[in-house]
Amino acid sequence: MLNTENYEFWFVTGSQSLYGEETLRSVEKDAKEIVAKLNASHQLPYPIVFKLVATTADNITKVMKEVNYNDNVAGVITWMHTFSPAKNWIRGTKLLQKPLLHLATQFLNKIPYDTIDFDYMNLNQSAHGDREYAFINARLRKNNKIISGYWGDGDVQKAMAKWMDVAVAYNESFKIKVVTFADKMRNVAVTDGDKIEAQIKFGWTVDYWGVGDLVAEVNAVSDAAIDTKYAELQKEYDFVKGQNTPEKFEHNVKYQIREYFGLKKFMDDHGYTAFTTNFEDLVGLEQLPGLAAQLLMAEGYGFAGEGDWKTAALDRLLKIMAHNEKTVFMEDYTLDLRQGHEAILGSHMLEVDPSIASDKPRVEVHPLDIGDKDDPARLVFTGMQGDAVDVTMADYGDEFKLMSYDVQGNKPESDTPHLPVAKQLWTPKQGLRDGAVGWLTLGGGHHTVLSFTIDSEQLQDLSNLFDLTYVNIK
Ligand code: MN
């Protein structure tokens, strides 16, 4: 489901005709070697395609226009082997509407003291060529990414890989379509916002559909499809009947599978890649989607509860950046304020993405005590340990603001036998007290995306592309 375009990145090497044909041939040969070796490194998530040695304003402008209209090109990587007069780059750089990485590198990782001469210096001018080129990007306020270091080093390649993931997420953002079944939860402020501005800024389409349109799809799902999926899930998860009769357990789990297929078909038929539900508006549905939402999130659909379309879109966006690994919708649920134990227990009523399960999820059926509907089936599991970021976005009315802090993810200290939901514990790296004050001061909401895959540098790079205010709470 996480299917995106078959993206590639174009590689453009800067130079000028002053050096003569022989030098330009060497520039091209070296640039092609860098591209080939980067592709062969298997460190990059997307291929790089060498395009040209750019020597004139005309050929630079032409290639940037081609980048703009080729949907499968996610961005441009530039490298200055020689000195490339940057006035040549002004028009093309201004026209470029996709992510730009200035790779500030050098063909050799050393100074060849014994052999270096003026021929070598004619060809290897990255040290000052990069500065000429970077000036014009800074002057144009391009806000592009710069990665500096030897192209063959693992850390440089890792940085390039992270930027590529950001660039692809940026491209895909303009295709995100969120369906909200019901409006937002009544009276709630932090999850509301300006949908038109979100579409202008991030490309998100957010559509309301009456829950009745979903009910029709849910009711149309065949019993055979439900039985097959039920058998599949029995292999994947532990089914724990608990206090329920066998008939009730099976019926309620199967109803969630019915909702899963109904939601999936509705979204796929209409091109939606994220959705929200609202327990206040379930007319015609037997249960609030729990297991159904969890299975869809695991497949890569974005989700948030209570009509929170901002977080649903953000969930989808960051899942794309993270290749759908360990990146989940989350909610600040309850606190441990004891000294030495300070932590936030994160969960939701039902809808916790099993991508962060550290144990085998159990399918359970329990009352919800809210929404006045039948007992929903849900996956219950324990979250994971590790470094993560917790992210949310607020709408201030005059701007959106993205914020996050680095957190340490942990497993809860013990089971919660009377709270049958999946759970994830975390503590902000600066400590719960300072983290909470930073978060609350900015008005950050309780719905977040928690990711063990992406980091704050990527959030900053993504925000730069959107010209979005980002605060990394320290
Ligand atoms: Mn919630």
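So, how was this worked out
- Residues numbered from 1 in each chain as written.
- Predicted model: local features only at pLDDT ≥ 70, side-chain atom pairs only at ≥ 80, totals over all residues.
- Heavy atoms only, no water.
- Pairing = 2+ DSSP bridges.
- Helix = DSSP H or I, 4+ residues; strand = E, 2+ residues; numbered from the N terminus.
- Donors = N, O, S within 2.8 Å, 3.2 Å for Na, K, Ca; no water.
- Buried < 20%, exposed > 50% of the residue type's maximum accessible area, 1.4 Å probe, protein only.
- Axes fitted to C-alpha atoms, helices over the stretch in contact; angles between N-to-C directions.
- Parallel < 35°, antiparallel > 145°, perpendicular 65-115°, else oblique.
- Left-handed = near helix turned anticlockwise from the far one by under 90°.
- Contact = heavy atoms within 4.5 Å.
- Nonpolar A, V, L, I, M, F, W, Y, C, P; charged D, E, K, R; others polar.
- Expected span 1.5 Å × (residues − 1).

Engineer: Please clarify how the sheet that holds strand 13 (residues 362-365) should be interpreted in this entry.
Structural biologist: Sheet strands associate in pairs through backbone hydrogen bonding, adopting either a parallel or an antiparallel arrangement. Spatially, the three strands line up as an open sheet ordered 8-13-14, and their pairing is mixed. Bordering the open sheet on either side are strand 8 (238-239) and strand 14 (377-380), each of which pairs with just one other strand. Bridge count between strand 13 and strand 14: four bridges; the pairing is antiparallel. In the strand pairing of strand 14, V363 is matched with L379.

Engineer: Would you take a moment to explain the coordination of the manganese ion for this structure?
Structural biologist: Each angle at a metal carrying four tetrahedral donors should ideally be 109.5 degrees, and each at a metal carrying six octahedral donors should ideally be 90 or 180 degrees. E306 (OE), E331 (OE), H348 (NE2) and H447 (NE2) make up the full set of protein donors to the manganese ion, lying at 2.0 to 2.2 Å. Each donor residue of the manganese ion lies on one chain, and together they are spaced E-x24-E-x16-H-x98-H. Of the two residues, E331 is situated in strand 11 (residues 327-336) and H447 in strand 18 (residues 447-451); the sequence distance between them amounts to 116 residues. For E331, a relative accessible area of 12% gives the class buried. On the basis of relative accessible area, H447 is assigned to the buried category, the value being 2%.

Engineer: Would you take a moment to explain the packing of helix 10 (residues 246-270) against helix 11 (residues 291-299) for this structure?
Structural biologist: For the pair helix 10 and helix 11, interaxial distance at closest approach is 7 Å and the crossing angle is 45°. If you check the angle between helix 10 and helix 11, you find them oblique. For the pair helix 10 and helix 11, the crossing hand works out as right-handed. When helix 10 is examined against helix 11, the residues V253, Q256, E259, Y260, L263, K264 and M267 are found in contact with a partner set consisting of L291, A292, L295, L296 and E299. The residue makeup of the contact of helix 10 with helix 11, split by class, is eight nonpolar, one polar and three charged.

Engineer: Quick question: what am I supposed to make of the packing of helix 6 (residues 154-173) against helix 12 (residues 309-321) here?
Structural biologist: Two quantities define a packed helix pair, namely the angle between the helix axes and the distance between the axes. Look at helix 6 against helix 12: their axes get within 8 Å of each other, and the N-to-C directions meet at 140°. Seen along the crossing, helix 6 lies across helix 12 with a hand that is right-handed. Contacts from D165, V166, V168, A169, E172 and S173 of helix 6 reach helix 12 at L317, I320 and M321. Its residues placed into classes, the contact of helix 6 with helix 12 shows six nonpolar, one polar and two charged.

Engineer: How do you make sense of helix 12 when you look at a structure like this?
Structural biologist: For an α-helix the count is 3.6 residues per turn, leaving residues at separations of three or four pointing the same way. Here helix 12 spans 18 Å end to end across 13 residues, near enough to the 18 Å set by a 1.5 Å rise per residue. Of all the 13 residues making up helix 12, 13 are buried; the element is thus mostly covered by neighbouring parts of the structure. Positive backbone phi, approximately 55°, marks H323, located one or two places after helix 12.

Engineer: Looking at this model, I keep getting lost on the pairing of strand 16 (residues 400-410). Mind explaining?
Structural biologist: Remark: a regular strand shows side chains that alternate across the two faces of the sheet. Buried residues dominate strand 16, accounting for eight of its eleven residues. In terms of strand pairing, strand 15 (residues 386-395) meets strand 16 through ten bridges, oriented antiparallel. Across the sheet, D395 pairs through a bridge with F400, a residue of strand 16. Across four bridges, the pairing between strand 16 and strand 19 (residues 469-472) is parallel.

Engineer: Sorry if this is basic, but what is going on with the sheet that holds strand 9 (residues 274-276) here?
Structural biologist: Strand order in the open sheet made by the four strands is 7-6-9-10, with parallel pairing throughout. If you trace the sheet from one side to the other, it starts and ends with strand 7 (205-209) and strand 10 (302-304), each paired once. Strand after strand, the sheet turns through a mean of 20° between neighbouring axes, direction not considered. With three bridges joining them, strand 9 and strand 10 adopt parallel strand pairing. Note on strand 10: the bridge partner recorded for F275 is F303. Strands in contact with helix 10 are strand 6 (177-181), strand 7 and strand 9; relative to strand 6, the strand with the most contacts, it is inclined by about 135°.

In short, the description is geometric, and any link to function would need to be established separately.
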